[in-house]
Amino acid sequence: PNNERSQCHWLLGDVKIAMTCAHEELADIPETMPLQIATRRYVLARTLHQMGKGEAAYSEYEQAIVKARQAQDLRLLVTLYHGFGNLLMNTRQADKAVSYFDRAVPLCYRIGDKVMAIYVQMNLGHCLLQCDQVERAEHTLRAALITLSDKSFSTHQTNMQRCVVEQLLGDCARRHHA
């Protein structure tokens, strides 16, 4: 059950081999190990998404989220919520993606992962703009700017994120004046 070949192949970009390995690994993992199941389901979701099989990826994300909740692994839940939100956003389902990003943001702060919080808030802000929720998008993006102002981040680390957030805030301003 501790075999992680699927993750290694996925990280190396061998998506077909990663999928095969994940299926093999899942067959060997007992139901009493929800974290390991969630991790393999995440690998399957990512590989299916990369292969353009969105519907199958949705199912794997949903199953992975159930198992990650059982395992009470907040870091994996953040990753899954963010990943599923991205999949939904990329398939023009921003309205559905919002709820997954909404779930991820407070968990990011709870586990102390401010870098991930910024990414999730940027994606949430973008989705909210797509859903014409301009004021909420602006609030979310301003929260990301506050996090970006944290002195523990290096300037290099934050320049790209700050640029994206400011661009999205500019989109908010244009929508206010339209």
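For the structure itself, consult the block above.
My aim in this report is to walk through the structure given alongside it, one point at a time. (Residues numbered from 1 in each chain as written. Predicted model: local features only at pLDDT ≥ 70, side-chain atom pairs only at ≥ 80, totals over all residues. Heavy atoms only, no water.)

### Regarding the layout of surface pockets
Considered as a void within the structure, the largest pocket measures approximately 170 Å³ in volume. As for the largest pocket, its lining consists of Tyr-119, Met-122, Asn-123, His-126, Met-160, Gln-161, Val-164, Gln-167, Leu-168 and Asp-171. Elements that contribute at least two residues to the lining of the largest pocket include exactly helix 7 (114-130) and helix 9 (155-177). In terms of residue count, helix 9 provides more of the lining of the largest pocket than any other element does, six residues in total. Of the residues assigned to the lining of the largest pocket, the class counts are five nonpolar, four polar and one charged. (1 Å grid on protein atoms, 1.4 Å probe; cavity = no way out; pocket = protein on both sides within 12 Å on 5 of 7 lines; lining within 4 Å. Points joined across faces, edges and corners; volume = space filled by probe spheres on them. Helix = DSSP H or I, 4+ residues; strand = E, 2+ residues; numbered from the N terminus. Nonpolar A, V, L, I, M, F, W, Y, C, P; charged D, E, K, R; others polar.)

### Some thoughts on the state of the cysteines
For the structure shown, the criterion picks out zero disulfides. No disulfide involves Cys-131; its sulfur sits 6.3 Å from the nearest other cysteine sulfur, which is in Cys-127. Considering cysteine sulfurs only, Cys-172 is the nearest to Cys-163, which forms no disulfide, with 15 Å between them. You can call Cys-163 partly exposed: its relative accessible area is 49%. (Disulfide = S-S within 2.5 Å. Buried < 20%, exposed > 50% of the residue type's maximum accessible area, 1.4 Å probe, protein only.)

### Description of the packing of aromatic side chains
The tally for this structure, following the rule as stated, stands at five aromatic pairs. When the ring of Tyr-58 is compared with that of Phe-84, the centres are 5.9 Å apart and the planes differ by 50 degrees; the resulting orientation is tilted. Of this pair, Tyr-58 sits in helix 4 (residues 54-71) while Phe-84 sits in helix 5 (residues 74-90), and the two are 26 residues apart along the sequence. Centroid distance Tyr-61 to Phe-84: 5.2 Å. Interplanar angle 10 degrees. Geometry classified as stacked. Here Phe-84 lies in helix 5 and Tyr-61 lies in helix 4, a separation of 23 residues in the sequence. Each member of the pair Tyr-61 and Phe-84 is classed as buried. Through a chain of ring-to-ring contacts, the aromatic side chains of Tyr-42, Tyr-58, Tyr-61, Tyr-81, Phe-84 and Tyr-100 assemble into a single cluster. The ring of Tyr-100 has Arg-103 lying over it, and the distance from NZ or CZ to the ring centre is 4.5 Å. (Phe/Tyr/Trp six-rings, centres within 6.5 Å; stacked < 30°, edge-to-face > 60°. Lys NZ or Arg CZ within 6 Å of the ring centre and 35° of its normal.)

### Points about the environment of Ala-38
Looking at where Ala-38 falls in the secondary structure, it is placed in helix 3 (residues 34-50). Considering only alpha carbons, one finds Ala-38 and Tyr-61, 23 residues apart in sequence, at a separation of 8.7 Å. If we skip the residues at most four places from it in the chain, Ala-38 touches Ala-64, Lys-67, Ala-68 and Leu-76. (Contact = heavy atoms within 4.5 Å.)

### So, the nonpolar core
Residues Leu-80, Phe-84 and Val-165 are the most contacted members of the largest nonpolar core, which totals 58 residues. Contributions of two or more residues to this core are made by helix 2 (15-28), helix 3, helix 4, helix 5, helix 6 (94-111), helix 7, helix 8 (134-148) and helix 9. (Core = buried A, V, L, I, M, F, W, Y, C linked by side-chain atoms within 4.5 Å.)

### A look at the pattern of salt bridges
Inspection of every chain in the model, using the stated rule, returns eight salt bridges. Across the pair Glu-25 and Arg-40 runs a salt bridge whose closest N-O atoms are separated by 2.6 Å. Here the residue Glu-25 occupies a position in helix 2, and Arg-40 occupies one in helix 3, the gap between them amounting to 15 residues. (Salt bridge = Lys/Arg side-chain N within 4 Å of Asp/Glu carboxyl O.)

### Description of the packing of helix 5 against helix 7
It is at 11 Å that the axes of helix 5 and helix 7 come closest, and there the two elements cross at 30 degrees. Looking at the two axes, helix 5 sits roughly parallel to helix 7. With respect to the hand of their crossing, helix 5 and helix 7 are arranged in left-handed fashion. Counted together, Val-78, Thr-79, His-82, Asn-86 and Met-89 of helix 5 and Met-116, Tyr-119, Val-120, Asn-123, His-126, Cys-127 and Gln-130 of helix 7 form the full contact between these two elements. By residue class, the composition of the contact of helix 5 with helix 7 is six nonpolar, six polar and no charged. (Axes fitted to C-alpha atoms, helices over the stretch in contact; angles between N-to-C directions. Parallel < 35°, antiparallel > 145°, perpendicular 65-115°, else oblique. Left-handed = near helix turned anticlockwise from the far one by under 90°.)

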